[in-house]
Amino acid sequence: MKKNILALVLLSAIATPAMADNAGKVYVAGNLGTASLVNATVTINGIPYTYVNPGTISFAAGYQFSPNIAAEVGYTSFGDTMLTSTTGEVTLSTNSVTLTALAMYPLTADLDLIGKVGMSSNHATQKATGNLYYTDGTQSKSTSQSDMLFGIGAQYHATSHLRLRAQFENFGKFSGGSAPLAITTFSLGIAYLF
């Protein structure tokens, strides 16, 4: 259902006449937000622990092919989240490199609905210290997983060069298995068109 809605937004943006001429412009963007972790429980020394949701920071560079279509490459760091006990600490570090297509659907002259779809290359590293060990007897494990990324949001045209953004993104899986770690984010940010 979500993929069908996103496809409809993308197609609508292509078919919509332009309300501002932003074609042929390079831009950079930055966002701050919060992440929601799914399946973020780990067993240490036989005891299950659940990581708390971290903050996020992301940077992107893009190219606006038309007033309604852009492509973007980005990097997101989800921040470290830590579990502490009397015998040691466990830290989860995650990040993602993304390549996405964006569609902008003008709701007014200054407000666009954004649809985003693409690929994410997701990485997660867990490290234990002290007397804490994972179920396989190690103190470190890393996973990498590529998955589909999709998102939806809005952007406000503050000036002819500056956009204010709010967006929800689903980065997909960060590990394999029957209960993979997955991350979604909500963020606020800016984009600057050159």
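Provided above is the structure to which this section pertains.
Described in the following lines is the structure provided in the data block. (Residues numbered from 1 in each chain as written. Predicted model: local features only at pLDDT ≥ 70, side-chain atom pairs only at ≥ 80, totals over all residues. Heavy atoms only, no water.)

1. Re the pairing of strand S4 (residues 55–64)
Burial along S4 is one-sided: Thr56, Ser58, Ala60, Gly62 and Gln64 are buried, and none of Gly55, Ile57, Phe59, Ala61 and Tyr63, which face the opposite way, are. In terms of strand pairing, strand S1 (residues 25–38) meets S4 through ten bridges, oriented antiparallel. Within S4, the position partnered with alanine 29 by the bridge is alanine 60. By the bridge criterion, eight bridges tie S4 to strand S5 (residues 69–77) in an arrangement that is antiparallel. Residue pairing for S5: alanine 60 is matched across the bridge by glycine 74. Here S4 folds back onto S5 in antiparallel fashion, the turn holding four residues. (Buried < 20%, exposed > 50% of the residue type's maximum accessible area, 1.4 Å probe, protein only. Helix = DSSP H or I, 4+ residues; strand = E, 2+ residues; numbered from the N terminus. Pairing = 2+ DSSP bridges.)

2. Regarding unusual backbone geometry
The backbone of asparagine 39 shows a phi angle near 55 degrees, a positive value even though the residue is not glycine. Looking at the element boundaries, asparagine 39 is found in the loop between S1 and strand S2 (41–44).

3. Some thoughts on the nonpolar core
Grouped together as the largest cluster of nonpolar side chains are 19 residues, with contacts concentrated most on Leu37, Tyr51, Val90, Tyr134, Phe174 and Leu181. Put simply, the parts of the chain that give this core at least two residues each are S1, S2, strand S7 (88–106) and strand S8 (111–128). Residues within four places of tyrosine 51 in sequence aside, it is in contact with Leu37, Ala40, Val42, Thr81, Leu83, Val90, Thr91, Leu92, Gln126 and Tyr134. Counting residues in each nonpolar core, the second largest holds nine residues, with Ala70, Leu102, Ala191 and Leu193 among its members. (Core = buried A, V, L, I, M, F, W, Y, C linked by side-chain atoms within 4.5 Å. Contact = heavy atoms within 4.5 Å.)

4. Topic: the environment of arginine 163
Topologically, arginine 163 is positioned in strand S10 (residues 162–173). Its relative accessible area of 2% is what places arginine 163 among the buried residues. When the C-alpha atoms of arginine 163 and isoleucine 190 are compared, they prove to be 5.5 Å apart, with 27 residues separating the residues in sequence. Of the polar contacts made by the side chain of arginine 163, one reaches the backbone oxygen of serine 160; its length is 3.4 Å. (Polar contact = N/O pair within 3.5 Å; in protein donor to acceptor, adjacent residues only side chain to side chain.)

5. Focus on the environment of serine 144
Assignment of secondary structure puts serine 144 in strand S9 (residues 140–157). Residues serine 144 and serine 96, spaced 48 residues apart in sequence, show a C-alpha to C-alpha distance of 9.5 Å. Not counting the four nearest positions on each side in its chain, serine 144 is found in contact with Asn122, His123 and Phe174. Engagement of the side chain of serine 144 in a polar contact is seen with the side chain of histidine 123, the distance being 2.9 Å.

6. Some details on the pattern of salt bridges
It is possible for side chains bearing opposite charge to pair when their charged atoms get close. In this structure the tally under the stated criterion is three salt bridges. Its salt-bridge partner being lysine 116, residue glutamate 72 comes within 3.5 Å of it at the nearest N-O pair. Placement of glutamate 72 in strand S5 and of lysine 116 in strand S8 is noted, with a sequence separation of 44 residues between them. Here the two residues glutamate 72 and lysine 116 agree in accessibility, since each one is buried. Between lysine 116 and glutamate 169 there is a salt bridge; the shortest N-O distance is 2.9 Å. Taken as a pair, lysine 116 in strand S8 and glutamate 169 in strand S10 lie far apart in primary sequence, 53 residues in all. Each member of the pair, lysine 116 as well as glutamate 169, carries the same accessibility label: buried. Several salt bridges converge on common partners, so that one network encompasses Glu72, Lys116, Arg165 and Glu169. (Salt bridge = Lys/Arg side-chain N within 4 Å of Asp/Glu carboxyl O.)

7. With respect to the packing of aromatic side chains
The tally for this structure, following the rule as stated, stands at four aromatic pairs. Consider the rings of tyrosine 63 and phenylalanine 65, whose centres lie 4.9 Å apart with planes at 75 degrees: the pair is edge-to-face. Plain terms: the ring middles of phenylalanine 78 and phenylalanine 171 are 5.1 Å apart, the flat faces sit at 90 degrees to each other, and that makes the pair edge-to-face. Linking phenylalanine 78 in the loop between S5 and strand S6 (81–85) with phenylalanine 171 in strand S10, this pair joins segments that are 93 residues apart in sequence. Chaining the aromatic ring pairs together yields one cluster made of Phe78, Phe171 and Phe174. (Phe/Tyr/Trp six-rings, centres within 6.5 Å; stacked < 30°, edge-to-face > 60°.)

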